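Single-letter residue listing:
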Amino acid sequence: MIGDSSRRYGAVTKLFHWGMAVLLLWQFMKFFDRINDGEHWVGQTLVPWHISIGVLLASFAILRIVWTVSQRQRRPQPTQYPALVKSGHLLLYFLLVATPLSGMLLMVGNGYGLSAFGFTLLERGAEIHWAAAIGQWHSPLAWLFAVIIGGHVIMAIWHQLRLRDGTLKRMW
């Protein structure tokens, strides 16, 4: 089943969810770049791809939002605390867009340009102060995103082990 149904999420939704989860885990390895000035395997192997993966995630986030909106009438609906569940998911989607966008604005705003996977998307240029100012939110947004994703994982485990309501099974 490609699309979603009221009983479970479809293949496209699952591909977006788990594919982006892997890419986000890769991105969050950047936090370890702060240890020993990045002089270790994480800093030398994964971190150089941070901007490229961020651009990819921003693209996937837009596609995922379009897909989610197209499937919204068919998706499984929360049975407990629907307003809280929807608010949490809305915050996750906001951070899926705002975090990479702020990173891109940081790069462009500081005059570095933007390159991904060896392709120049925006040339180096003059500093753009408003873009750099918004870009300064990239790191706090990333930390907030990590915390919210942690809460998302904890709630999935709670649903699986305590409530036993099949929430995790619908996404697996």
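Residue numbering note: each chain is counted from 1, following its sequence as written. Given that the model is predicted, a residue must reach a pLDDT of at least 70 before its local features are reported, and side-chain atom pairs must reach 80 or more before they are shown or counted; all residues, however, enter totals for whole chains, interfaces and linings. Side-chain measures here rest on the full set of heavy atoms in the structure, leaving out hydrogens and waters.

What follows covers the nonpolar core. Put simply, a nonpolar core is a bunch of buried Ala, Val, Leu, Ile, Met, Phe, Trp, Tyr and Cys residues held in one set by side-chain atoms that sit within 4.5 Å of each other. Buried residues are those whose accessible area, probed at 1.4 Å on protein chains only, stays under 20% of the maximum for their type, while exposed residues exceed 50% and partly exposed ones sit between those limits. If you look at the biggest cluster of nonpolar residues, it comprises 18 residues, and the most contacted ones within it are Met20, Leu24, Phe28, Leu57, Leu96 and Phe145. Note on definitions: a residue-residue contact is assigned when non-hydrogen atoms from the two residues lie within 4.5 Å. Apart from the residues within four sequence positions on either side, Met20 is in contact with Leu15, Leu57, Phe60, Ala61, Arg64 and Leu96.

Another aspect to go through is the confidence of the model for the protein chain. pLDDT is a residue-level measure of predictor confidence that goes from 0 to 100. Of the residues in the protein chain, 99% have a pLDDT of 70 or more, and the chain-wide mean is 93. Strands here are runs of E lasting at least two residues and helices are runs of H or I lasting at least four, both read from the DSSP assignment and numbered beginning at the N terminus. Averaged pLDDT values for the elements of the protein chain fall to 80 in helix H2 (residues 41-46) and rise to 98 in helix H5 (residues 129-135).

For the rest of this paragraph, the subject is the packing of helix H1 (residues 11-28) against helix H6 (residues 138-163). Under this scheme, a helix contributes an axis fitted over its contacting stretch, all axes are lines through C-alpha atoms, and angles between N-to-C directions fall in the 0 to 180 degree range. Running from amino to carboxyl end, H1 crosses H6 at an angle of 135°, the nearest separation of the two axes being 12 Å. Comparing the axis directions of H1 and H6 gives the class oblique. Remark: the crossing between H1 and H6 carries left-handed chirality. In this structure, H1 uses His17, Leu24 and Phe28 to contact H6, whose residues at the interface are Ala142, Phe145, Ala146, Ile149 and His152. Residue classes in the contact of H1 with H6 are distributed as six nonpolar, two polar and no charged. For this classification, under 35 degrees means roughly parallel, over 145 means roughly antiparallel, 65 to 115 means roughly perpendicular, and everything else is oblique. Helix crossings fall into two classes, left-handed where the near helix is turned counterclockwise from the far one by less than a right angle and right-handed where it is turned clockwise. Gly falls in the polar group here, along with every residue not listed as nonpolar (Ala, Val, Leu, Ile, Met, Phe, Trp, Tyr, Cys, Pro) or charged (Asp, Glu, Lys, Arg).

With that out of the way, let us pick up the packing of helix H3 (residues 50-71) against helix H4 (residues 82-109). The contact between H3 and H4 brings their axes to 9 Å, and the two run at 145°. Remark: the crossing between H3 and H4 carries left-handed chirality. Facing Ile51, Gly54, Val55, Ala58, Ala61, Arg64, Ile65 and Thr68 of H3, the residues of H4 in contact are Tyr93, Leu96, Val97, Pro100, Met104 and Met107. When grouped by side-chain class, the residues that make up the contact of H3 with H4 number 11 nonpolar, two polar and one charged.

Only strands joined by at least two bridges in the DSSP assignment are considered to pair. Two elements, strand S1 (residues 114-116) and strand S2 (residues 119-122), share three bridges in a ladder whose sense is antiparallel. The residue of S2 that forms the bridge with Ala116 is Phe119. The antiparallel pairing of S1 with S2 creates a hairpin that spans two residues between the two strands, and Phe117 there sits at a positive phi of about 50°.

This next bit is on the pattern of salt bridges. By salt bridge we mean one thing: a side-chain nitrogen of Lys or Arg within 4 Å of a carboxyl oxygen of Asp or Glu. Counting across every chain of the model gives one salt bridge. For Arg75, the salt bridge identified is with Asp4, shortest N-O distance 3.0 Å. Taken together, the residues span a long stretch of sequence, with Arg75 in the loop between H3 and H4 and Asp4 in the segment before H1 at a distance of 71 residues. Judged by relative accessible area, which is 5%, Asp4 ranks as buried.

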